[in-house]
Amino acid sequence: MDTRIETKGADAGHGVSFEEAFRVWLRVAVLSFGGPAGQIAVMHRILVEEKNWISEGRFLHALNYCMLLPGPEAQQLATYIGWLMHRTAGGLMAGGLFILPGIIAIMGLSYIYAIFGNVSFVEALFFGLKAAVLAIVVEAVVRVGKRALKNNIMIGLAAVAFVAIFFFAVPFPIIIIAAGVIGYVGAKSGRSEFAPAAHGGSGKAAAIDSMLGEAVPDHVRPNTAHAIRVGAVWLALWLVPVIALLLAFGEANTFSQIALFFSKMALVTFGGAYAVLAYVAQQAVEHYHWLSAREMLDGLGMAETTPGPLIMVLQFVGFMAAFRDPSGLSPLLAGTLGGLLATWVTFTPCFLWIFLGAPYVELLRGNKGLAGALGAITAAVVGVILNLSIWFALHTLFRETTPVHAFPLSFDMPVLRSIDVPALVLSIAAATAIFRFKLGMLTVLGGACTAGVLLRLVGVI
């Protein structure tokens, strides 16, 4: 089997050239604001609705798998779809481009922050974008929900999943396993609600489904020898630098600590960045003393308002750690290397999970016995996306939230007096532009960005 990192032919048999895919994935990357919910919304709109490159069913199937993995699910979803379309090269392109704008933005802001101490004007540039992305996220929840929640059982599963994760902090894997069991039992018992439903965007066959059809390409077929080679290559890319730093400098060195700590984080970030950021902040501030709590919050603000996954905040943490303890290098050079090292050990495993597991996940699409389980998982994922959307809304529209811990409840409650009126007004305006006037995403984002800068200039924010 051919495992080279290349695309045979201009379009791999589905009519989408590698060059065209590059332009579209770059567009997805530049617009990937708003955390996982916003990023999934952007991909769904462009790939499913606009380009019709992938069907609704296959998009949700891939999303289900990515939601089960440690790491940023939206970046892994991009890698998965890129791999489906253009093999390993497509996965590297889609997944790499997805984080590239964030790497550049966070690195630039880290330089400004380290030298000048604040990035207030740059944050004002992104203030309006957060409000616009909130409206885009809400639209995505509505659109995906309409297609995935075909009956009252599925609506109920989505509602239970949302309540469980938002109000009771039930771990994401437990929700998914429970939904899968319910769906499997329901399908086995012959309940029509769990029967697989046809999905589609525009009514015609989507590009990827046309490519696969009955003649499944080699790269989509599970192959043990190929899986061993993939695992060996990506484990080496991930772990060899970590081991080399430990052997060369010892565990007390800042770069060794960055490599080891963020490698551990790459293994436990199930359900996206939100579940692990509190632990990262605690360790970075209280254990390693890499930065202060205020600086950690500033870094989180950078990651929330720039393109790319929220987990990109780890690059800022790595930058500040090495900047403060440069190990004989100039502080800015050390910070740059520390930030890039944190990014490398965070995202390299993401490619491992996709390239190793995706062929086996694709095989499951033809297993009718699992159709009910996957349908129920899809419904639960809608509830999880709603949870992410509300989390994003709380932190966009309110300056303060209060954690509520009254067993068994555990959630964040907004402090009503801290409502951010400019953000609320901009969000309503963006939602009106999208839902009422059907304006394009770029138009809405551009207008909101301009509004954010103007509000800063007149002293409103």
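A brief look at the structure comes next. Only a predicted model underlies this, so the values are computations on that prediction, with no experimental measurement involved. (Residues numbered from 1 in each chain as written. Predicted model: local features only at pLDDT ≥ 70, side-chain atom pairs only at ≥ 80, totals over all residues. Heavy atoms only, no water.)

1. Comments concerning the environment of Leu356
If you trace the backbone, Leu356 turns up in helix H14 (residues 331-363). Taking the C-alpha atoms as reference points, Leu356 and Trp234, separated by 122 residues in sequence, lie 9.2 Å from one another. In this view, Leu356 contacts Ala227, Val230 and Gly231; residues no more than four positions away in its chain are not counted. (Helix = DSSP H or I, 4+ residues; strand = E, 2+ residues; numbered from the N terminus. Contact = heavy atoms within 4.5 Å.)

2. Topic: the nonpolar core
Judged by nonpolar contacts, the single largest core of 147 residues is most densely connected at Trp25, Met43, Leu47, Phe59, Tyr80, Phe262 and Trp290. Per-element accounting of this core gives the leading share, 19 residues, to helix H4 (residues 73-116). Excluding its chain neighbours within four sequence positions, the residues that come into contact with Phe59 are Ile40, Met43, His44, Val48, Ile54, Leu77 and Ile81. (Core = buried A, V, L, I, M, F, W, Y, C linked by side-chain atoms within 4.5 Å. Buried < 20%, exposed > 50% of the residue type's maximum accessible area, 1.4 Å probe, protein only.)

3. As for the pairing of strand E2 (residues 409-414)
The two faces of a sheet get side chains in turn, since along a regular strand they alternate between them. Alignment of strand E1 (residues 401-406) against E2, held across six bridges, turns out to be antiparallel. Residue pairing for E2: Ala406 is matched across the bridge by Leu409. Here E1 folds back onto E2 in antiparallel fashion, the turn holding two residues. (Pairing = 2+ DSSP bridges.)

4. Some words on the pattern of salt bridges
Per the counting criterion, the structure on display carries five salt bridges. Salt-bridge contacts for Arg324 lead to Glu295; the nearest nitrogen and oxygen are separated by 2.6 Å. You can see Arg324 sitting in helix H13 (residues 313-324) and its partner Glu295 sitting in helix H12 (residues 293-305), a full 29 residues away along the chain. With its nearest N and O atoms 3.5 Å apart, the salt bridge here joins Arg399 to Asp420. Highlighted residues: Arg399 in the loop between helix H15 (371-397) and E1 and Asp420 in the loop between E2 and helix H16 (421-436), separated in sequence by 21 residues. (Salt bridge = Lys/Arg side-chain N within 4 Å of Asp/Glu carboxyl O.)

5. Things to note about the packing of aromatic side chains
Scanning the model with the defined rule gives 19 aromatic pairs in all. Centroid distance Tyr113 to Phe316: 5.4 Å. Interplanar angle 85 degrees. Geometry classified as edge-to-face. With a gap of 203 residues between them, Tyr113 in helix H4 and Phe316 in helix H13 connect regions that are remote in the sequence. On the basis of relative accessible area, Phe316 is assigned to the buried category, the value being 0%. (Phe/Tyr/Trp six-rings, centres within 6.5 Å; stacked < 30°, edge-to-face > 60°.)

6. Things to note about the environment of Phe127
Looking at where Phe127 falls in the secondary structure, it is placed in helix H5 (residues 120-148). For Phe127, a relative accessible area of 17% puts it in the buried group. Filtering out sequence-adjacent residues up to four positions away, Phe127 remains in contact with Asp420, Pro422, Ala423, Leu426, Gly452, Leu455 and Ile461.

7. What about H16?
Each α-helix turn comprises 3.6 residues. Residues three or four places apart therefore point the same way. Compared with the 22 Å implied by 1.5 Å per residue over 16 residues, the 21 Å span of H16 between its first and last C-alpha is a close match. Among all positions in H16, only Pro422, Ala423, Leu426, Ser427, Ala430, Ala433 and Ile434 are buried. Projected down its long axis, H16 carries its buried residues within an arc of 130 degrees, all on one side. Projecting away from the buried face of H16 at angles above 90 degrees are the exposed residues Val425 and Arg436. Following H16 by one or two positions, Lys438 adopts a phi angle in the positive range, close to 55 degrees. (Expected span 1.5 Å × (residues − 1). Arc of directions from axis to C-beta.)

8. Some details on a nonpolar patch on the surface
Taken together, Ile177, Val181, Tyr184 and Val185 make up a surface patch of nonpolar side chains, about 380 Å² in accessible area. If you trace the backbone, Ile177 turns up in helix H7 (residues 172-188). (Patch = residues over 30% accessible without salt bridge, like charges linked within 9 Å, V, L, I, M, F, W, Y side chains within 5 Å. Areas by Shrake-Rupley, 256 points an atom, 1.4 Å probe, with all protein chains shown as cover.)

9. Considering the packing of helix H1 (residues 18-30) against H4
It is at 9 Å that the axes of H1 and H4 come closest, and there the two elements cross at 40 degrees. With respect to the hand of their crossing, H1 and H4 are arranged in right-handed fashion. Contacts from Phe18, Ala21, Phe22, Trp25, Leu26, Val28, Ala29 and Val30 in H1 reach Ala78, Ile81, Gly82, His86, Ala89, Gly90, Met93, Ala94, Leu97, Phe98 and Pro101 in H4. Grouping the constituent residues of the contact of H1 with H4 by class yields 16 nonpolar, three polar and no charged. (Axes fitted to C-alpha atoms, helices over the stretch in contact; angles between N-to-C directions. Left-handed = near helix turned anticlockwise from the far one by under 90°. Nonpolar A, V, L, I, M, F, W, Y, C, P; charged D, E, K, R; others polar.)

10. Comments concerning the environment of Ser263
Residue position: Ser263 is located in helix H10 (residues 254-268). Ignoring any residue separated from it by four or fewer positions in sequence, one finds Ser263 in contact with Trp238, Val242 and Val345. A polar atom in the side chain of Ser263 sits 2.7 Å from the backbone oxygen of Ala259. (Polar contact = N/O pair within 3.5 Å; in protein donor to acceptor, adjacent residues only side chain to side chain.)

11. With respect to H1
Relative to the 18 Å expected for 13 residues at 1.5 Å per residue, H1 spans 18 Å between its end C-alpha atoms, a close match to the ideal helical length. Within H1, the full set of buried residues consists of Ala21, Val24, Trp25, Val28 and Ala29. Summarising the axial view, the buried residues of H1 lie within an arc of 145 degrees, below the 170-degree limit, and thus occupy one face.

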